[in-house]
Amino acid sequence: MKYQEQCEIVEKIIDHSYLFLKFRTKNIAKNALAGQFVNIRVNNSFTPLLRRPFSITDTEGDTLSLLILLKGKGTEALFGKKIGDFLDIIGPLGNSFPLINRRAIFVAGGVGIAPFFFLSKTISSGLLLFGVKSKEYLPELSAYSSSFSEVKIASEDGSSGKKGTVIDLLSEYDLSDKVVYACGPNPMLRAVSKILRDCAQVEAYYSIETIMGCGFGVCKGCAVETPSGQYKLACTDGPIFSWNEVKL
Amino acid sequence: MKAPLKIGSLSFRNRVLTASGTFGMGKEFSDFLDYSQLGGITLKTITKNPRQGNPPPRILETPYGLLNSIGLENEGFQKVYQDLKKNDYLRQYDTNVIFSLAGDSVEDYVEMARFFCEIEGIAMLELNLSCPNVHEGGATFDSNPENVKRIVEETAKTVSKPFTVKFSPSQDFVKNSRIAEYSGAHAITISNTFLGMAIHAKTKTFVFKNKTAGYSGPAVKPMALANVYRAAQAVKIPVIASGGISSAEDASEFLIAGASFISIGTLNFVDPGLAGKIAKEIE
(Lines give C-alpha, C1' and ligand atoms only; values in the text may rest on other atoms or scores of the structure.)
Protein backbone atom coordinates (compact mmCIF):
# COMPACT_ATOMS: atom_id res chain seq x y z
CA MET A 1 0.00 0.00 0.00
CA LYS A 2 1.23 3.47 -0.94
CA TYR A 3 0.08 6.66 0.75
CA GLN A 4 -0.12 10.32 -0.23
CA GLU A 5 0.11 12.38 2.95
CA GLN A 6 0.65 15.92 4.14
CA CYS A 7 3.58 15.47 6.50
CA GLU A 8 4.78 17.98 9.08
CA ILE A 9 8.47 18.72 9.45
CA VAL A 10 9.33 18.11 13.11
CA GLU A 11 13.10 18.41 12.93
CA LYS A 12 15.53 20.15 10.58
CA ILE A 13 19.32 20.15 10.74
CA ILE A 14 21.59 21.71 8.14
CA ASP A 15 25.10 20.25 8.14
CA HIS A 16 27.28 21.75 5.37
CA SER A 17 25.71 20.50 2.12
CA TYR A 18 23.43 18.05 3.90
CA LEU A 19 19.96 18.52 5.23
CA PHE A 20 18.34 16.16 7.75
CA LEU A 21 14.57 16.39 7.73
CA LYS A 22 12.34 14.49 10.09
CA PHE A 23 8.62 14.28 9.29
CA ARG A 24 5.60 13.08 11.19
CA THR A 25 3.66 10.74 8.90
CA LYS A 26 0.42 8.88 9.33
CA ASN A 27 1.17 5.62 7.54
CA ILE A 28 4.30 6.08 5.44
CA ALA A 29 6.92 5.55 8.16
CA LYS A 30 5.07 2.64 9.76
CA ASN A 31 4.91 0.75 6.48
CA ALA A 32 8.40 1.50 5.17
CA LEU A 33 11.14 -1.07 4.63
CA ALA A 34 14.86 -0.39 4.30
CA GLY A 35 15.72 0.48 0.70
CA GLN A 36 12.35 2.03 -0.12
CA PHE A 37 11.97 5.69 -1.00
CA VAL A 38 9.52 8.56 -0.84
CA ASN A 39 8.65 11.08 -3.56
CA ILE A 40 8.23 14.62 -2.28
CA ARG A 41 6.46 17.60 -3.75
CA VAL A 42 8.85 20.33 -2.67
CA ASN A 43 6.34 23.16 -3.09
CA ASN A 44 2.87 23.91 -4.45
CA SER A 45 4.03 25.86 -7.48
CA PHE A 46 5.08 24.11 -10.65
CA THR A 47 8.75 25.02 -10.43
CA PRO A 48 10.02 22.41 -10.16
CA LEU A 49 7.11 20.50 -11.62
CA LEU A 50 8.03 16.97 -10.64
CA ARG A 51 8.40 15.46 -7.20
CA ARG A 52 11.85 14.60 -5.89
CA PRO A 53 12.68 11.05 -4.76
CA PHE A 54 14.71 10.33 -1.61
CA SER A 55 15.83 7.10 0.02
CA ILE A 56 14.32 6.60 3.43
CA THR A 57 17.13 7.21 5.92
CA ASP A 58 15.32 6.09 9.03
CA THR A 59 11.93 5.58 10.62
CA GLU A 60 10.90 5.53 14.23
CA GLY A 61 7.24 4.95 15.00
CA ASP A 62 5.43 7.44 12.81
CA THR A 63 8.46 9.62 12.06
CA LEU A 64 10.38 9.49 8.83
CA SER A 65 13.93 10.82 8.43
CA LEU A 66 15.65 11.82 5.22
CA LEU A 67 19.23 12.78 4.47
CA ILE A 68 19.28 15.20 1.56
CA LEU A 69 22.27 16.58 -0.34
CA LEU A 70 21.97 20.05 -1.84
CA LYS A 71 21.98 19.45 -5.59
CA GLY A 72 19.52 21.53 -7.59
CA LYS A 73 16.21 23.38 -7.58
CA GLY A 74 14.29 20.67 -5.75
CA THR A 75 16.71 20.17 -2.89
CA GLU A 76 17.28 23.93 -2.66
CA ALA A 77 13.55 24.38 -2.02
CA LEU A 78 13.73 21.76 0.74
CA PHE A 79 16.63 23.57 2.43
CA GLY A 80 14.30 26.55 2.77
CA LYS A 81 11.59 24.66 4.65
CA LYS A 82 10.93 25.30 8.33
CA ILE A 83 9.89 23.13 11.25
CA GLY A 84 6.09 23.08 11.22
CA ASP A 85 5.82 23.24 7.42
CA PHE A 86 3.81 20.49 5.74
CA LEU A 87 4.99 18.71 2.62
CA ASP A 88 3.06 16.42 0.28
CA ILE A 89 4.84 13.04 0.38
CA ILE A 90 3.99 9.77 -1.35
CA GLY A 91 5.42 6.50 -0.16
CA PRO A 92 6.71 4.08 0.78
CA LEU A 93 7.71 3.37 -2.84
CA GLY A 94 9.82 0.77 -4.61
CA ASN A 95 11.25 -2.52 -3.41
CA SER A 96 13.45 -3.09 -0.39
CA PHE A 97 16.88 -4.58 0.27
CA PRO A 98 16.75 -8.38 0.36
CA LEU A 99 17.98 -9.70 3.69
CA ILE A 100 20.71 -12.26 3.10
CA ASN A 101 22.12 -14.42 5.83
CA ARG A 102 25.76 -13.51 5.25
CA ARG A 103 28.25 -11.04 6.65
CA ALA A 104 27.21 -7.65 5.18
CA ILE A 105 29.40 -4.92 3.75
CA PHE A 106 27.72 -1.59 3.09
CA VAL A 107 29.46 0.50 0.43
CA ALA A 108 28.32 4.12 0.41
CA GLY A 109 29.41 7.07 -1.69
CA GLY A 110 28.40 10.53 -0.44
CA VAL A 111 24.67 10.87 0.09
CA GLY A 112 24.49 7.20 -0.90
CA ILE A 113 24.86 6.55 2.83
CA ALA A 114 21.17 7.49 3.23
CA PRO A 115 19.49 4.05 3.00
CA PHE A 116 22.14 2.27 5.09
CA PHE A 117 21.20 3.81 8.43
CA PHE A 118 17.77 2.26 8.04
CA LEU A 119 19.18 -1.03 6.75
CA SER A 120 21.69 -1.27 9.62
CA LYS A 121 18.76 -1.52 12.04
CA THR A 122 17.71 -4.76 10.39
CA ILE A 123 21.15 -6.08 9.49
CA SER A 124 23.20 -5.18 12.51
CA SER A 125 26.94 -5.76 12.75
CA GLY A 126 27.61 -5.02 9.09
CA LEU A 127 30.77 -3.28 8.01
CA LEU A 128 30.30 0.24 6.64
CA LEU A 129 32.72 1.54 4.03
CA PHE A 130 32.00 5.18 3.35
CA GLY A 131 33.63 7.36 0.72
CA VAL A 132 33.30 11.14 0.57
CA LYS A 133 34.97 14.00 -1.30
CA SER A 134 36.17 15.67 1.89
CA LYS A 135 35.27 15.86 5.58
CA GLU A 136 32.61 18.53 4.81
CA TYR A 137 30.65 15.79 3.07
CA LEU A 138 30.68 13.53 6.08
CA PRO A 139 27.28 13.67 7.76
CA GLU A 140 26.93 13.15 11.49
CA LEU A 141 27.19 9.39 12.04
CA SER A 142 27.34 9.07 15.81
CA ALA A 143 23.66 8.21 16.28
CA TYR A 144 24.06 5.23 13.98
CA SER A 145 27.65 4.12 14.42
CA SER A 146 26.70 1.50 17.02
CA SER A 147 24.56 -0.33 14.44
CA PHE A 148 27.64 -1.08 12.37
CA SER A 149 30.33 -3.51 13.50
CA GLU A 150 32.93 -1.15 12.10
CA VAL A 151 32.98 2.10 10.11
CA LYS A 152 35.80 2.89 7.68
CA ILE A 153 35.98 6.21 5.91
CA ALA A 154 37.87 7.32 2.83
CA SER A 155 38.04 10.88 1.55
CA GLU A 156 39.41 12.00 -1.79
CA ASP A 157 41.46 14.78 -0.22
CA GLY A 158 42.49 12.82 2.85
CA SER A 159 40.74 15.23 5.22
CA SER A 160 38.97 12.33 6.92
CA GLY A 161 39.92 8.67 7.18
CA LYS A 162 42.03 7.12 4.48
CA LYS A 163 43.02 9.24 1.47
CA GLY A 164 41.33 7.69 -1.53
CA THR A 165 37.96 6.30 -2.50
CA VAL A 166 35.55 3.79 -1.05
CA ILE A 167 36.74 1.42 -3.77
CA ASP A 168 40.22 1.49 -2.21
CA LEU A 169 38.61 0.41 1.06
CA LEU A 170 36.52 -2.30 -0.57
CA SER A 171 39.42 -3.83 -2.47
CA GLU A 172 41.09 -4.72 0.84
CA TYR A 173 38.38 -7.27 1.65
CA ASP A 174 37.75 -10.80 0.53
CA LEU A 175 34.16 -10.63 -0.65
CA SER A 176 33.46 -14.32 -1.08
CA ASP A 177 30.58 -15.48 1.10
CA LYS A 178 29.73 -11.85 1.90
CA VAL A 179 26.77 -9.77 0.82
CA VAL A 180 27.58 -6.31 -0.50
CA TYR A 181 25.00 -3.53 -0.42
CA ALA A 182 26.08 -0.44 -2.37
CA CYS A 183 24.60 2.99 -2.98
CA GLY A 184 26.31 5.96 -4.58
CA PRO A 185 27.04 7.62 -7.92
CA ASN A 186 27.03 5.36 -10.99
CA PRO A 187 30.83 5.55 -11.52
CA MET A 188 31.24 4.20 -7.96
CA LEU A 189 28.78 1.36 -8.62
CA ARG A 190 30.59 0.52 -11.87
CA ALA A 191 33.85 0.32 -9.95
CA VAL A 192 32.21 -1.96 -7.38
CA SER A 193 31.01 -4.20 -10.22
CA LYS A 194 34.54 -4.44 -11.54
CA ILE A 195 35.67 -5.84 -8.20
CA LEU A 196 32.66 -8.16 -7.93
CA ARG A 197 33.34 -9.71 -11.33
CA ASP A 198 36.54 -11.18 -9.95
CA CYS A 199 34.88 -12.70 -6.89
CA ALA A 200 33.33 -16.08 -6.62
CA GLN A 201 30.20 -16.63 -4.56
CA VAL A 202 29.47 -12.98 -3.99
CA GLU A 203 26.01 -11.53 -3.60
CA ALA A 204 25.51 -7.80 -4.09
CA TYR A 205 22.66 -5.36 -4.32
CA TYR A 206 22.67 -1.76 -5.51
CA SER A 207 20.31 1.03 -4.66
CA ILE A 208 20.37 3.09 -7.84
CA GLU A 209 19.61 6.71 -8.57
CA THR A 210 17.97 7.94 -11.80
CA ILE A 211 15.86 10.79 -13.08
CA MET A 212 12.37 9.93 -11.90
CA GLY A 213 8.88 11.18 -12.68
CA CYS A 214 5.93 9.78 -10.78
CA GLY A 215 7.75 7.20 -8.62
CA PHE A 216 5.04 4.55 -8.88
CA GLY A 217 5.40 2.99 -12.31
CA VAL A 218 3.14 5.15 -14.43
CA CYS A 219 5.25 7.63 -16.39
CA LYS A 220 7.93 5.05 -17.25
CA GLY A 221 10.48 7.83 -17.20
CA CYS A 222 13.03 6.08 -14.94
CA ALA A 223 14.00 3.25 -17.28
CA VAL A 224 17.26 1.41 -16.56
CA GLU A 225 18.82 -0.86 -19.15
CA THR A 226 19.42 -4.53 -18.41
CA PRO A 227 22.37 -6.53 -19.79
CA SER A 228 20.03 -8.11 -22.38
CA GLY A 229 19.00 -4.68 -23.70
CA GLN A 230 15.56 -4.61 -22.06
CA TYR A 231 14.39 -1.97 -19.62
CA LYS A 232 13.38 -2.04 -15.99
CA LEU A 233 11.87 0.80 -14.01
CA ALA A 234 13.92 2.15 -11.12
CA CYS A 235 10.74 3.10 -9.26
CA THR A 236 8.84 -0.19 -9.24
CA ASP A 237 11.34 -2.89 -10.30
CA GLY A 238 13.90 -1.11 -8.10
CA PRO A 239 15.42 1.00 -6.70
CA ILE A 240 17.23 -2.09 -5.38
CA PHE A 241 18.69 -4.32 -8.07
CA SER A 242 20.99 -7.28 -7.95
CA TRP A 243 24.39 -5.99 -9.12
CA ASN A 244 24.34 -7.86 -12.46
CA GLU A 245 20.68 -7.15 -13.21
CA VAL A 246 21.17 -3.63 -14.63
CA LYS A 247 23.68 -1.77 -16.79
CA LEU A 248 24.87 1.40 -15.12
CA MET B 1 -23.45 25.67 -21.99
CA LYS B 2 -24.12 22.33 -20.26
CA ALA B 3 -23.17 19.62 -22.74
CA PRO B 4 -24.78 16.23 -22.15
CA LEU B 5 -22.86 13.83 -19.89
CA LYS B 6 -22.67 11.29 -22.68
CA ILE B 7 -20.38 10.01 -25.41
CA GLY B 8 -22.41 8.06 -27.94
CA SER B 9 -24.71 5.97 -25.81
CA LEU B 10 -22.34 5.90 -22.83
CA SER B 11 -23.28 7.98 -19.76
CA PHE B 12 -20.66 9.57 -17.51
CA ARG B 13 -20.86 10.41 -13.83
CA ASN B 14 -19.05 13.70 -14.38
CA ARG B 15 -16.74 15.43 -16.86
CA VAL B 16 -13.42 14.49 -15.29
CA LEU B 17 -11.31 11.83 -16.98
CA THR B 18 -7.64 10.88 -16.87
CA ALA B 19 -5.43 11.08 -19.95
CA SER B 20 -3.81 8.12 -21.61
CA GLY B 21 -0.17 7.52 -20.77
CA THR B 22 -0.50 9.18 -17.38
CA PHE B 23 -2.67 6.63 -15.64
CA GLY B 24 -0.95 3.32 -16.31
CA MET B 25 -3.22 0.33 -16.89
CA GLY B 26 -5.59 1.41 -14.15
CA LYS B 27 -4.18 -0.41 -11.13
CA GLU B 28 -1.42 2.04 -10.32
CA PHE B 29 -3.59 4.79 -8.80
CA SER B 30 -5.85 2.61 -6.69
CA ASP B 31 -4.02 3.55 -3.45
CA PHE B 32 -4.38 7.27 -4.19
CA LEU B 33 -7.75 7.72 -5.79
CA ASP B 34 -11.33 6.49 -5.53
CA TYR B 35 -12.11 5.83 -9.19
CA SER B 36 -15.83 6.09 -8.52
CA GLN B 37 -15.30 9.85 -8.12
CA LEU B 38 -14.31 10.13 -11.78
CA GLY B 39 -16.18 10.20 -15.04
CA GLY B 40 -13.67 7.82 -16.54
CA ILE B 41 -10.07 6.67 -16.68
CA THR B 42 -8.05 6.28 -19.88
CA LEU B 43 -5.43 3.54 -19.88
CA LYS B 44 -2.00 3.61 -21.48
CA THR B 45 -1.98 3.19 -25.26
CA ILE B 46 -1.50 -0.42 -26.32
CA THR B 47 0.17 -1.00 -29.68
CA LYS B 48 -0.14 -3.89 -32.11
CA ASN B 49 3.30 -5.22 -31.22
CA PRO B 50 5.06 -5.04 -27.86
CA ARG B 51 7.37 -2.07 -27.51
CA GLN B 52 10.20 -1.93 -25.05
CA GLY B 53 10.33 1.84 -25.18
CA ASN B 54 13.17 4.28 -25.74
CA PRO B 55 16.56 4.28 -24.03
CA PRO B 56 17.02 6.69 -21.12
CA PRO B 57 16.87 9.58 -20.62
CA ARG B 58 13.14 9.46 -21.24
CA ILE B 59 11.96 12.54 -19.40
CA LEU B 60 13.22 16.06 -18.80
CA GLU B 61 11.65 18.68 -16.63
CA THR B 62 11.37 22.19 -18.10
CA PRO B 63 9.95 25.35 -16.49
CA TYR B 64 6.30 24.43 -15.77
CA GLY B 65 6.53 21.56 -18.24
CA LEU B 66 7.74 18.08 -19.00
CA LEU B 67 9.35 16.59 -22.09
CA ASN B 68 8.94 12.86 -22.59
CA SER B 69 10.29 10.35 -25.02
CA ILE B 70 8.98 7.10 -23.55
CA GLY B 71 8.40 5.36 -26.87
CA LEU B 72 5.01 3.81 -25.99
CA GLU B 73 6.49 1.09 -23.80
CA ASN B 74 3.80 -1.58 -23.53
CA GLU B 75 3.29 -5.34 -23.68
CA GLY B 76 1.48 -5.34 -27.01
CA PHE B 77 -2.02 -6.20 -28.14
CA GLN B 78 -1.88 -10.02 -27.90
CA LYS B 79 -0.55 -10.18 -24.36
CA VAL B 80 -2.84 -7.48 -22.99
CA TYR B 81 -5.88 -8.93 -24.74
CA GLN B 82 -5.18 -12.49 -23.55
CA ASP B 83 -4.60 -11.28 -19.99
CA LEU B 84 -7.87 -9.34 -19.99
CA LYS B 85 -9.70 -12.34 -21.42
CA LYS B 86 -8.44 -14.39 -18.48
CA ASN B 87 -8.91 -11.73 -15.83
CA ASP B 88 -10.97 -8.67 -16.67
CA TYR B 89 -9.87 -6.64 -13.64
CA LEU B 90 -11.26 -3.52 -15.30
CA ARG B 91 -14.79 -4.67 -14.47
CA GLN B 92 -14.24 -3.93 -10.78
CA TYR B 93 -13.73 -0.21 -11.40
CA ASP B 94 -16.84 1.84 -10.80
CA THR B 95 -16.06 4.27 -13.61
CA ASN B 96 -15.93 4.26 -17.41
CA VAL B 97 -12.72 2.61 -18.54
CA ILE B 98 -11.47 4.05 -21.83
CA PHE B 99 -9.03 1.77 -23.59
CA SER B 100 -6.43 3.47 -25.78
CA LEU B 101 -4.90 1.74 -28.77
CA ALA B 102 -2.56 2.42 -31.69
CA GLY B 103 -1.71 0.31 -34.70
CA ASP B 104 0.97 0.18 -37.34
CA SER B 105 -1.64 0.14 -40.10
CA VAL B 106 -5.29 1.02 -40.69
CA GLU B 107 -6.17 -2.66 -40.37
CA ASP B 108 -4.42 -2.92 -36.98
CA TYR B 109 -6.68 -0.24 -35.51
CA VAL B 110 -9.83 -1.96 -36.69
CA GLU B 111 -8.70 -5.40 -35.58
CA MET B 112 -7.59 -4.25 -32.14
CA ALA B 113 -10.76 -2.19 -31.66
CA ARG B 114 -12.88 -5.24 -32.48
CA PHE B 115 -11.03 -7.49 -30.02
CA PHE B 116 -10.95 -5.04 -27.13
CA CYS B 117 -14.68 -4.33 -27.54
CA GLU B 118 -15.26 -7.92 -26.39
CA ILE B 119 -13.81 -7.07 -22.98
CA GLU B 120 -16.68 -6.25 -20.67
CA GLY B 121 -14.68 -3.93 -18.41
CA ILE B 122 -13.90 -1.62 -21.33
CA ALA B 123 -16.63 0.99 -21.80
CA MET B 124 -15.11 2.98 -24.61
CA LEU B 125 -12.08 3.12 -26.91
CA GLU B 126 -9.57 5.80 -27.76
CA LEU B 127 -7.90 5.55 -31.15
CA ASN B 128 -4.56 7.21 -30.65
CA LEU B 129 -3.60 8.62 -34.04
CA SER B 130 -1.11 10.98 -32.55
CA CYS B 131 1.89 9.56 -30.74
CA PRO B 132 4.71 11.81 -31.79
CA ASN B 133 7.77 9.97 -30.55
CA VAL B 134 7.52 6.47 -31.95
CA HIS B 135 7.93 7.18 -35.65
CA GLU B 136 11.02 9.02 -36.62
CA GLY B 137 10.68 12.78 -36.90
CA GLY B 138 7.30 12.68 -35.24
CA ALA B 139 5.28 11.60 -38.28
CA THR B 140 1.92 10.21 -37.17
CA PHE B 141 -1.22 8.66 -38.64
CA ASP B 142 -3.08 11.92 -38.36
CA SER B 143 -0.58 13.66 -40.62
CA ASN B 144 -2.58 12.13 -43.48
CA PRO B 145 -6.35 12.94 -43.48
CA GLU B 146 -6.99 9.87 -45.64
CA ASN B 147 -5.73 7.68 -42.76
CA VAL B 148 -8.06 9.42 -40.34
CA LYS B 149 -11.04 8.84 -42.62
CA ARG B 150 -10.29 5.17 -43.23
CA ILE B 151 -9.46 4.28 -39.61
CA VAL B 152 -12.54 6.01 -38.22
CA GLU B 153 -14.93 4.74 -40.92
CA GLU B 154 -13.75 1.15 -40.61
CA THR B 155 -13.78 1.23 -36.81
CA ALA B 156 -17.27 2.76 -36.73
CA LYS B 157 -18.52 -0.05 -38.98
CA THR B 158 -16.89 -2.74 -36.86
CA VAL B 159 -17.29 -1.89 -33.20
CA SER B 160 -20.30 -1.65 -30.94
CA LYS B 161 -18.81 0.62 -28.25
CA PRO B 162 -18.29 4.36 -28.50
CA PHE B 163 -14.84 5.63 -29.39
CA THR B 164 -12.89 8.87 -29.39
CA VAL B 165 -10.05 9.79 -31.72
CA LYS B 166 -6.98 11.41 -30.24
CA PHE B 167 -5.08 13.90 -32.38
CA SER B 168 -1.71 15.55 -32.33
CA PRO B 169 -1.70 19.35 -32.02
CA SER B 170 1.06 19.43 -34.64
CA GLN B 171 -1.26 18.24 -37.42
CA ASP B 172 -4.37 19.86 -38.86
CA PHE B 173 -6.54 18.73 -35.97
CA VAL B 174 -9.47 20.98 -36.96
CA LYS B 175 -9.72 19.31 -40.34
CA ASN B 176 -9.07 15.92 -38.73
CA SER B 177 -11.82 16.55 -36.19
CA ARG B 178 -14.34 17.24 -38.94
CA ILE B 179 -13.26 14.11 -40.80
CA ALA B 180 -13.55 12.05 -37.62
CA GLU B 181 -17.05 13.41 -36.98
CA TYR B 182 -18.47 12.65 -40.40
CA SER B 183 -16.68 9.28 -40.50
CA GLY B 184 -18.51 8.15 -37.36
CA ALA B 185 -16.38 8.97 -34.30
CA HIS B 186 -18.34 9.59 -31.09
CA ALA B 187 -15.86 12.09 -29.67
CA ILE B 188 -12.48 13.65 -30.34
CA THR B 189 -9.61 14.13 -27.91
CA ILE B 190 -7.65 17.37 -28.20
CA SER B 191 -4.86 16.63 -27.84
CA ASN B 192 -1.75 14.59 -27.41
CA THR B 193 1.50 16.26 -26.33
CA PHE B 194 3.07 19.09 -28.27
CA LEU B 195 6.25 18.60 -30.26
CA GLY B 196 9.26 19.64 -28.23
CA MET B 197 13.01 19.24 -28.13
CA ALA B 198 15.91 19.61 -25.74
CA ILE B 199 19.56 20.13 -26.57
CA HIS B 200 22.70 20.12 -24.44
CA ALA B 201 24.43 23.31 -25.52
CA LYS B 202 27.73 22.36 -23.89
CA THR B 203 28.10 19.07 -25.70
CA LYS B 204 26.04 20.11 -28.76
CA THR B 205 23.99 16.93 -28.49
CA PHE B 206 20.30 16.16 -28.36
CA VAL B 207 18.99 15.14 -24.97
CA PHE B 208 16.71 12.45 -26.40
CA LYS B 209 17.75 9.73 -28.82
CA ASN B 210 14.73 10.53 -31.03
CA LYS B 211 15.67 14.23 -30.87
CA THR B 212 12.05 15.36 -30.57
CA ALA B 213 9.89 14.65 -27.54
CA GLY B 214 6.33 15.18 -26.34
CA TYR B 215 5.82 18.39 -24.38
CA SER B 216 3.16 18.66 -21.69
CA GLY B 217 2.33 20.19 -18.31
CA PRO B 218 0.96 23.57 -17.17
CA ALA B 219 3.17 25.35 -19.72
CA VAL B 220 1.07 24.10 -22.65
CA LYS B 221 -2.32 25.08 -21.22
CA PRO B 222 -2.86 28.31 -23.20
CA MET B 223 -2.05 26.53 -26.47
CA ALA B 224 -4.31 23.63 -25.55
CA LEU B 225 -7.16 26.00 -24.68
CA ALA B 226 -6.92 27.65 -28.10
CA ASN B 227 -6.83 24.27 -29.82
CA VAL B 228 -9.83 22.95 -27.89
CA TYR B 229 -11.76 26.12 -28.72
CA ARG B 230 -10.99 25.76 -32.43
CA ALA B 231 -11.91 22.06 -32.51
CA ALA B 232 -15.11 22.61 -30.51
CA GLN B 233 -16.16 25.29 -32.99
CA ALA B 234 -15.69 22.82 -35.84
CA VAL B 235 -17.62 19.77 -34.59
CA LYS B 236 -20.81 18.88 -32.72
CA ILE B 237 -19.54 15.62 -31.15
CA PRO B 238 -18.06 15.95 -27.64
CA VAL B 239 -14.52 17.25 -27.32
CA ILE B 240 -12.35 15.67 -24.62
CA ALA B 241 -9.78 18.28 -23.64
CA SER B 242 -6.34 17.82 -22.18
CA GLY B 243 -3.31 20.02 -21.81
CA GLY B 244 -1.76 21.06 -18.53
CA ILE B 245 -4.91 20.95 -16.40
CA SER B 246 -3.81 21.35 -12.78
CA SER B 247 -6.90 22.69 -10.97
CA ALA B 248 -10.68 22.88 -11.05
CA GLU B 249 -10.30 26.40 -12.42
CA ASP B 250 -8.23 25.11 -15.35
CA ALA B 251 -10.85 22.44 -15.94
CA SER B 252 -13.62 25.06 -16.00
CA GLU B 253 -11.69 27.11 -18.53
CA PHE B 254 -11.59 24.14 -20.92
CA LEU B 255 -15.32 23.56 -20.46
CA ILE B 256 -15.96 27.23 -21.28
CA ALA B 257 -13.73 26.86 -24.36
CA GLY B 258 -16.15 24.20 -25.59
CA ALA B 259 -14.93 20.90 -24.16
CA SER B 260 -17.52 18.40 -22.89
CA PHE B 261 -14.98 16.44 -20.85
CA ILE B 262 -11.54 17.20 -19.47
CA SER B 263 -8.59 14.86 -18.92
CA ILE B 264 -5.96 15.19 -16.24
CA GLY B 265 -2.61 14.19 -17.70
CA THR B 266 0.90 15.11 -16.59
CA LEU B 267 -0.38 16.41 -13.25
CA ASN B 268 -1.34 12.84 -12.29
CA PHE B 269 2.41 12.29 -11.82
CA VAL B 270 2.73 15.34 -9.60
CA ASP B 271 -0.43 14.84 -7.54
CA PRO B 272 -1.91 11.35 -7.96
CA GLY B 273 -5.04 12.37 -6.04
CA LEU B 274 -5.69 15.45 -8.21
CA ALA B 275 -8.34 14.05 -10.58
CA GLY B 276 -10.57 13.20 -7.62
CA LYS B 277 -10.13 16.64 -6.05
CA ILE B 278 -10.99 18.37 -9.35
CA ALA B 279 -14.06 16.17 -9.82
CA LYS B 280 -15.31 17.15 -6.36
CA GLU B 281 -14.64 20.84 -6.88
CA ILE B 282 -16.30 21.30 -10.25
CA GLU B 283 -19.47 19.42 -9.24
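Residues numbered from 1 in each chain as written. Chains lettered and ligands numbered in written order. Predicted model: local features only at pLDDT ≥ 70, side-chain atom pairs only at ≥ 80, totals over all residues. Heavy atoms only, no water.

Participant: Give a detailed account of the sheet that holds strand β12 (residues 178-183) of chain A, specifying residues and quantitative values.
Facilitator: The pairing of strands in a sheet happens through backbone hydrogen bonds and is either parallel or antiparallel. Residue and element names in this part refer to chain A. Read across the open sheet, the seven strands follow the order β11-β10-β9-β8-β12-β13-β16; overall the sheet is mixed. Taken across any chain shown, the strands that pair with only one partner, and hence form the sheet edges, are β11 (162-163) and β16 (240-242). Helix-sheet contacts for helix α5 (residues 186-197) involve β8 (103-109), β12 and β13 (203-207), and the interaxial angle to β13 is about 175°. (Pairing = 2+ DSSP bridges. Helix = DSSP H or I, 4+ residues; strand = E, 2+ residues; numbered from the N terminus. Contact = heavy atoms within 4.5 Å. Axes fitted to C-alpha atoms, helices over the stretch in contact; angles between N-to-C directions.)

Participant: Explain a nonpolar patch on the surface to me, and be specific about the residues and the numbers.
Facilitator: A cluster of nonpolar residues, Met197, Ile199 and Phe206 of chain B, forms a patch on the protein surface that exposes about 290 Å² of accessible area. Along the chain, Met197 of chain B turns up in strand β12 (residues 194-197). (Patch = residues over 30% accessible without salt bridge, like charges linked within 9 Å, V, L, I, M, F, W, Y side chains within 5 Å. Areas by Shrake-Rupley, 256 points an atom, 1.4 Å probe, with all protein chains shown as cover. Salt bridge = Lys/Arg side-chain N within 4 Å of Asp/Glu carboxyl O.)

Participant: Got a sec to walk through the sheet that holds strand β15 (residues 212-216) of chain B? Specific residues and values, please.
Facilitator: Residues and elements named next belong to chain B. Strands sit in the order β6-β7-β15-β12 across an open sheet of four strands; the sheet is antiparallel. Looking at which strands have only one partner, the edges of the open sheet turn out to be β6 (59-62) and β12. Between one strand axis and the next, the sheet turns by 35° as a mean value, whatever way the strands run.

Participant: Tell me about the interface of chain A and chain B, and name the residues and values.
Facilitator: Chain A puts 27 residues into the contact, and the matching count from chain B is 33 residues. Of the roughly 2,700 Å² buried where chain A meets chain B, counting both sides, 64% is carbon and sulfur surface. It is Phe46, Leu49 and Tyr231 of chain A that lose the most area in chain A upon contact with chain B, and together they represent 25% of the buried surface on that side. Run the count over chain A and chain B and you get two salt bridges. A salt bridge links Arg52 of chain A to Glu61 of chain B; the nearest nitrogen and oxygen atoms lie 2.8 Å apart. (Buried area = accessible area lost by both parts, 1.4 Å probe.)

Participant: Describe the pattern of salt bridges, naming the residues involved and giving the relevant values.
Facilitator: All names here are of chain B. By the definition in use, this model includes 27 salt bridges over all chains. Note that Lys149 and Glu153 form a salt bridge whose closest N and O atoms lie 3.3 Å from each other. Taken together, the residues Lys149 and Glu153, both in helix α3 (residues 145-158) and four residues apart, mark about one turn of the helix. A relative accessible area of 27% places Lys149 in the partly exposed class. Take Glu153: its relative accessible area is 28%, and that puts it in the partly exposed class. In the salt-bridge network here, residues are joined through shared partners; they are Lys48, Asp108 and Glu111. (Buried < 20%, exposed > 50% of the residue type's maximum accessible area, 1.4 Å probe, protein only.)

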